[in-house]
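# Fold and contact review
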Amino acid sequence: MGGTTWLEAQAFLIKIKDEMLARALDTLDMEVKAGRAAINGRLVTAVEQNDSETKMFVLDNIVGNADAIIHRHSQSIEELESSGSLDSKTVERIEELKRFLLAVGKMKMLYDYSVELGSWASELQADTPGNNVDSMLLHGITDYRKEILEFVRKNPGDAFDDIEIGIMVSILGG
């Protein structure tokens, strides 16, 4: 067995998980700054929420209602587009709605990736077969997890170094 290698593998997955969640929150921030989403109102809670908790609450709600949001706004877009003559303000609004729907889809995907990575990290234990991070992670690989790693490999941003990208490439088979 790998001694503490399973902890290294778990830390690797948690790093990717946290990065996917951060990207989902960044997407929410961009939508708020662009004026396509707003965080209004305030919930009364026993403990005052901080900005991060508020954003997570909003993100959870968007992700939880993503299908309904996309369906409802897609219908509105179809109705507007099929109504015939559109003025420039309506066309602009339709384009903003489409951008928002793309962002909702992106937030949902990144959030779902984060949840799956958390599950995968939880599965890793001291008795997980493998003598290095790569082989331990291969033990729990699924097609969905390959999809996630492929996404991260293709879109590493500044979050991942060459060694971490190499681990992803190794798991993905080259």
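I will try to describe carefully the structure that is included in this document. Note that this is a predicted model, so its numbers are computed, not measured.

### Thoughts on the side chain of Arg145
Relative to the assigned elements, Arg145 resides in helix H6 (residues 143-154). Side-chain polar atoms of Arg145 contact the backbone oxygen of Gly140, separated by 2.7 Å. Leaving out residues up to four positions away in the same chain, Arg145 has contacts with Glu116, Ser119, Trp120, Glu123 and Gly140.

### Let's talk about the packing of aromatic side chains
Tallied over the entire structure, the rule returns two aromatic pairs. Measuring from ring centre to ring centre gives 5.9 Å for Tyr113 and Tyr144, while their planes differ by 65°; the resulting arrangement is edge-to-face. Highlighted residues: Tyr113 in helix H4 (residues 88-123) and Tyr144 in helix H6, separated in sequence by 31 residues. By relative accessible area, which is 4% here, Tyr113 ends up buried. A centroid spacing of 5.6 Å and a plane angle of 65° characterise the contact between Tyr113 and Phe151, whose relative ring orientation is edge-to-face. Residue Tyr113 is found in helix H4, and its partner Phe151 is found in helix H6; the two are separated by 38 residues along the sequence. One aromatic cluster is present, built from ring pairs that chain together Tyr113, Tyr144 and Phe151.

### A word on a nonpolar patch on the surface
A surface patch of nonpolar side chains, about 190 Å² in accessible area, is lined by Leu80, Leu86 and Val91. Inspection of the secondary structure puts Leu86 in the loop between helix H3 (66-82) and H4. Its relative accessible area of 32% is what places Leu86 among the partly exposed residues.

### So, helix H2 (residues 51-64)
When the terminal C-alpha atoms of H2 are compared, their 20 Å separation across 14 residues agrees well with the 20 Å that a helix rising 1.5 Å per residue should span. Every buried residue of H2 is listed here: Thr54, Lys55, Val58, Leu59, Ile62 and Val63. Buried residues of H2, seen end-on, are gathered within an arc of 165° and therefore sit on one face of the element. Residues of H2 that are buried sit in contact with helix H1 (5-33), H3 and H4.

### Things to note about the packing of H4 against H6
Packed helix pairs are characterised by how far apart their axes lie and by the angle those axes make with each other. One way to put it is that H4 packs onto H6 with a least axis distance of 10 Å and a crossing angle of 115°. Relative to H6, the crossing made by H4 is left-handed. Touching Met109, Leu110, Asp112, Tyr113, Glu116, Leu117, Ser119, Trp120 and Glu123 of H4 are Tyr144, Arg145, Glu147, Ile148, Leu149 and Phe151, all from H6. In terms of residue class, the contact of H4 with H6 is made up of nine nonpolar, one polar and five charged.

### Thoughts on the nonpolar core
Core analysis: the biggest nonpolar cluster contains 42 residues, and Leu13, Ile16, Leu59, Leu137 and Met168 have the highest contact counts within it. Going through the elements one at a time, H1, H2, H3, H4, helix H5 (133-139), H6 and helix H7 (162-172) are the ones with two or more residues in this core. Residue contributions to this core peak at twelve residues, all from H4.

### Remarks on the packing of H2 against H4
Here H2 crosses H4 at 105°, and the two axes come no closer than 9 Å. By the angle between their directions, the pair H2 and H4 is classed as roughly perpendicular. Here Met56, Leu59, Asp60, Ile62 and Val63 of H2 lie close against H4, whose contacting residues are Val104, Met107, Lys108, Tyr111 and Asp112. Considered class by class, the residues forming the contact of H2 with H4 number seven nonpolar, no polar and three charged.

### Structural notes on the pattern of salt bridges
Counted by the stated rule, this structure contains 14 salt bridges. The closest approach of N and O atoms between Arg145 and Glu116, which form a salt bridge, is 2.7 Å. Separated by 29 residues along the polypeptide, Arg145 in helix H6 and Glu116 in helix H4 bring together distant segments of the chain. An identical accessibility class is assigned to Arg145 and Glu116; each is buried. Close ionic contact of Glu150 with Arg153 constitutes a salt bridge, the shortest N to O distance being 2.4 Å. Of this pair, Glu150 and Arg153 are both found in helix H6, three residues apart, which corresponds to roughly one turn of the helix.

Reading the values: rules and limits
- Residues numbered from 1 in each chain as written.
- Predicted model: local features only at pLDDT ≥ 70, side-chain atom pairs only at ≥ 80, totals over all residues.
- Heavy atoms only, no water.
- Helix = DSSP H or I, 4+ residues; strand = E, 2+ residues; numbered from the N terminus.
- Polar contact = N/O pair within 3.5 Å; in protein donor to acceptor, adjacent residues only side chain to side chain.
- Contact = heavy atoms within 4.5 Å.
- Phe/Tyr/Trp six-rings, centres within 6.5 Å; stacked < 30°, edge-to-face > 60°.
- Buried < 20%, exposed > 50% of the residue type's maximum accessible area, 1.4 Å probe, protein only.
- Patch = residues over 30% accessible without salt bridge, like charges linked within 9 Å, V, L, I, M, F, W, Y side chains within 5 Å.
- Areas by Shrake-Rupley, 256 points an atom, 1.4 Å probe, with all protein chains shown as cover.
- Salt bridge = Lys/Arg side-chain N within 4 Å of Asp/Glu carboxyl O.
- Expected span 1.5 Å × (residues − 1).
- Arc of directions from axis to C-beta.
- Axes fitted to C-alpha atoms, helices over the stretch in contact; angles between N-to-C directions.
- Left-handed = near helix turned anticlockwise from the far one by under 90°.
- Nonpolar A, V, L, I, M, F, W, Y, C, P; charged D, E, K, R; others polar.
- Core = buried A, V, L, I, M, F, W, Y, C linked by side-chain atoms within 4.5 Å.
- Parallel < 35°, antiparallel > 145°, perpendicular 65-115°, else oblique.

Just distances and angles here, no functional claims.
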